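What the coordinates show
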Amino acid sequence: MEVQYPDGTWELGRISAWWTDGEGEQWCRLRTLPGGVGPQWHRYDPESIRVLPTAGI
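These notes cover the structure that comes with them. (Residues numbered from 1 in each chain as written. Predicted model: local features only at pLDDT ≥ 70, side-chain atom pairs only at ≥ 80, totals over all residues. Heavy atoms only, no water.)

Describing the layout of surface pockets
The computed volume of the largest pocket comes to approximately 160 Å³. The wall of the largest pocket is formed by Met1, Gly13, Arg14, Ile15, Trp18, Val51, Leu52, Pro53 and Thr54. A class-by-class count of the residues in the lining of the largest pocket yields six nonpolar, two polar and one charged. (1 Å grid on protein atoms, 1.4 Å probe; cavity = no way out; pocket = protein on both sides within 12 Å on 5 of 7 lines; lining within 4 Å. Points joined across faces, edges and corners; volume = space filled by probe spheres on them. Nonpolar A, V, L, I, M, F, W, Y, C, P; charged D, E, K, R; others polar.)

Description of the sheet that holds strand 1 (residues 2-4)
Within the open sheet, the five strands sit side by side as 4-3-2-1-5. Their pairing is antiparallel. Looking along the sheet, the strands with just one partner apiece sit at the ends: strand 4 (40-43) and strand 5 (49-50). Relative to strand 3 (residues 26-32), strand 2 (residues 10-20) runs antiparallel, the two sharing seven bridges. The residue of strand 3 that forms the bridge with Arg14 is Arg31. (Pairing = 2+ DSSP bridges. Helix = DSSP H or I, 4+ residues; strand = E, 2+ residues; numbered from the N terminus.)

Quick word on the side chain of Thr32
Residue position: Thr32 is located in strand 3. Thr32 gets classed as buried once you look at its relative accessible area, which sits at 15%. Dropping the residues within four chain positions of it, Thr32 is found in contact with Val3, Tyr5, Glu11, Leu12, Gly13 and Val37. (Buried < 20%, exposed > 50% of the residue type's maximum accessible area, 1.4 Å probe, protein only. Contact = heavy atoms within 4.5 Å.)

Focus on the environment of Leu12
Along the chain, the position of Leu12 falls in strand 2. In sequence terms Leu12 and Leu30 are 18 residues apart; their C-alpha atoms lie 9.7 Å from each other. Once residues within four sequence positions are removed from consideration, Leu12 is found in contact with Met1, Glu2, Thr32, Leu33 and Leu52.

See the structure below:
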């Protein structure tokens, strides 16, 4: 996946978990590549979190 931060930068990483809160909002736990920010929960927004294919298109 790729995540876009509020400053407009993009970073590659992985989604290691999904969670749906009591209001039905989807959250994902993002792990960015080594050297990036550690695992953090983010509300899933397909405009700023892009799920990429793992093999071929």
